[in-house]
Amino acid sequence: MSKCKENGVTLSHILSTARIYALISIVSAHMYFPNTFSWQIFTRFGTIGVIVFLLISGYYFRPNKFTGWKNLLTKKSVSIVIPWLICGTLTWVYNILLSATNRSFLGWLNWFVGNGSYLYYLTILLFCFILLYKAKKFIIWSTIPLTVISILLTAFGLFEPILRFLHINNYLNLFNWIGFFGLGMLLQGIREEKIVYFLRKSRIWFMVIFSLVFGVLLF
């Protein structure tokens, strides 16, 4: 029996804990603050939760359990799209009752896909499922450097002309996110015990690196 199992630590436990912190992260991103330093902290912290959920979603995504494109789209429509449509519409209606939100079909569509709302995660997630469903391993590997490059280009504002042309924000830039989902898929090929061991031994370094990157993002 491995040391991880002797200590009662499994990858499922770690990922469940990660989900809790990710939810706290996402909730904090949607707390209202004036445009202050506190607002910057919570906004940056909220992005981390989305990354965690994409990693976990990629890890648990099993393309082989779907019999084909039709089966994939049908199951994802039932599990994601229909609840997304219902809840997204209800929150849009609630929002327009409280503010001067665009009440046109275009206003609803922007809200639904996350162009100015927190629903962008579902748009990104659905595209990740579709684009990487039949992808070869080298394609999945290529998503990681693609996301790194995209984030750098976004940080330097080089994507702004394209985003303005498409009338979308940075959060709907799929390239900024797909590498995290792809990394989650690649982790499927590593034994659970090795992942748990690595995470347990590296957690201090992760905290240090996270603090440094978080500090850089703030300034």
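Our structure's up above, just so we're on the same page.
Residues numbered from 1 in each chain as written. Predicted model: local features only at pLDDT ≥ 70, side-chain atom pairs only at ≥ 80, totals over all residues. Heavy atoms only, no water.

Visitor: Even after reading the chapter, I still don't get the overall build of the chain, so can you show me in this structure?
Guide: Secondary structure summary: the chain contains 10 helices and zero strands in total. Helices and strands appear in the chain in the N-to-C order α-α-α-α-α-α-α-α-α-α. Element-wise, carbon and sulfur atoms account for 72% of the exposed surface of the chain, whose accessible area totals about 14,100 Å². (Helix = DSSP H or I, 4+ residues; strand = E, 2+ residues; numbered from the N terminus. Areas by Shrake-Rupley, 256 points an atom, 1.4 Å probe, with all protein chains shown as cover.)

Visitor: What exactly am I supposed to notice about the packing of aromatic side chains here?
Guide: Working definition: an aromatic ring pair is given by the centre-to-centre distance plus the angle between the planes. The full count for this structure, using the stated rule, is 14 aromatic pairs. Considering the side-chain rings of Phe61 and Phe181, the 5.8 Å spacing of their centres and the 50° angle between planes classify their relative orientation as tilted. Linking Phe61 in the loop between α3 (37-60) and α4 (69-98) with Phe181 in helix α9 (residues 178-186), this pair joins segments that are 120 residues apart in sequence. Residues Phe61 and Phe181 agree in their burial class; the two are buried. Relative to Phe181, the ring of Phe129 lies with its centre 5.5 Å away and its plane at 85°, an arrangement referred to as edge-to-face. Residue Phe129 is found in helix α6 (residues 120-131), and its partner Phe181 is found in helix α9; the two are separated by 52 residues along the sequence. Side by side, Phe129 and Phe181 carry an identical accessibility label, which is buried. (Phe/Tyr/Trp six-rings, centres within 6.5 Å; stacked < 30°, edge-to-face > 60°. Buried < 20%, exposed > 50% of the residue type's maximum accessible area, 1.4 Å probe, protein only.)

Visitor: Looking at this model, I keep getting lost on the nonpolar core. Mind explaining?
Guide: General note: in soluble globular proteins, nonpolar side chains tend to be found buried as a group. In terms of nonpolar packing, the biggest core is built from 33 residues, with Leu54, Phe61, Leu125 and Phe181 touching the most fellow members. When contributions to this core are tallied by element, the ones reaching two or more residues are α3, α4, α5 (105-113), α6 and α9. What Leu54 contacts, discounting residues up to four positions off in sequence, is Tyr121, Ile124, Leu125, Trp177, Phe180 and Phe181. Listed in part, the seven residues of the second largest apolar core include Val9, Ile56, Tyr59 and Val196. (Core = buried A, V, L, I, M, F, W, Y, C linked by side-chain atoms within 4.5 Å. Contact = heavy atoms within 4.5 Å.)

Visitor: What is the right way to read unusual backbone geometry from this model?
Guide: Leave glycine aside and you will find that most residues have negative phi; peptide bonds, for their part, are mostly trans. With phi around 60°, His167 is a residue other than glycine that occupies positive phi space. Following the sequence through the fold, His167 ends up in the loop between α8 (160-166) and α9.

Visitor: What is the right way to look at the pattern of salt bridges in this model?
Guide: Any two side chains of opposite charge can pair, on the condition that their charged atoms come close. A full pass over the atoms with the stated rule returns one salt bridge. Residue Arg191 pairs with Glu193 through a salt bridge whose shortest N-O separation is 3.8 Å. (Salt bridge = Lys/Arg side-chain N within 4 Å of Asp/Glu carboxyl O.)

Visitor: How should I be thinking about α5 in this particular structure?
Guide: Note on helix geometry: an α-helix contains 3.6 residues per turn, so any two residues three or four positions apart are oriented the same way. When α5 is considered as a whole, its buried residues turn out to be Gly107, Trp108, Trp111 and Phe112. Viewed end-on, α5 has its buried residues packed into an arc of 130°, placing them on one side of the element. For α5, exposure combined with an orientation more than 90 degrees from the buried face picks out Phe105 and Leu106. Buried residues along α5 sit in contact with α4 and α6. The first or second residue beyond α5 is Gly114, which carries a positive phi of 95°. (Arc of directions from axis to C-beta.)

Visitor: I keep staring at the packing of helix α7 (residues 137-155) against α9 and nothing clicks. Help me out?
Guide: Working note: a packed helix pair is described by the angle between its axes plus the distance between those axes. Two numbers describe how α7 lies on α9: the axes approach to 7 Å, and their chain directions differ by 145°. The handedness of the crossing between α7 and α9 comes out as left-handed. Where α7 abuts α9, its residues Lys137, Ile140, Trp141, Thr143, Ile144, Thr147 and Ile151 lie against Ile178, Gly179, Phe180, Gly182, Leu183, Met185 and Leu186. In terms of residue class, the contact of α7 with α9 is made up of nine nonpolar, four polar and one charged. (Axes fitted to C-alpha atoms, helices over the stretch in contact; angles between N-to-C directions. Left-handed = near helix turned anticlockwise from the far one by under 90°. Nonpolar A, V, L, I, M, F, W, Y, C, P; charged D, E, K, R; others polar.)

Visitor: Can you help me understand the environment of Ile14 in this one?
Guide: Locating Ile14 in the fold gives a position in helix α2 (residues 11-29). Between the alpha carbons of Ile14 and Val196 there is a distance of 8.0 Å; along the sequence they are 182 residues apart. Discounting chain neighbours no more than four positions away, the residues touching Ile14 are Val9, Val196 and Leu199.

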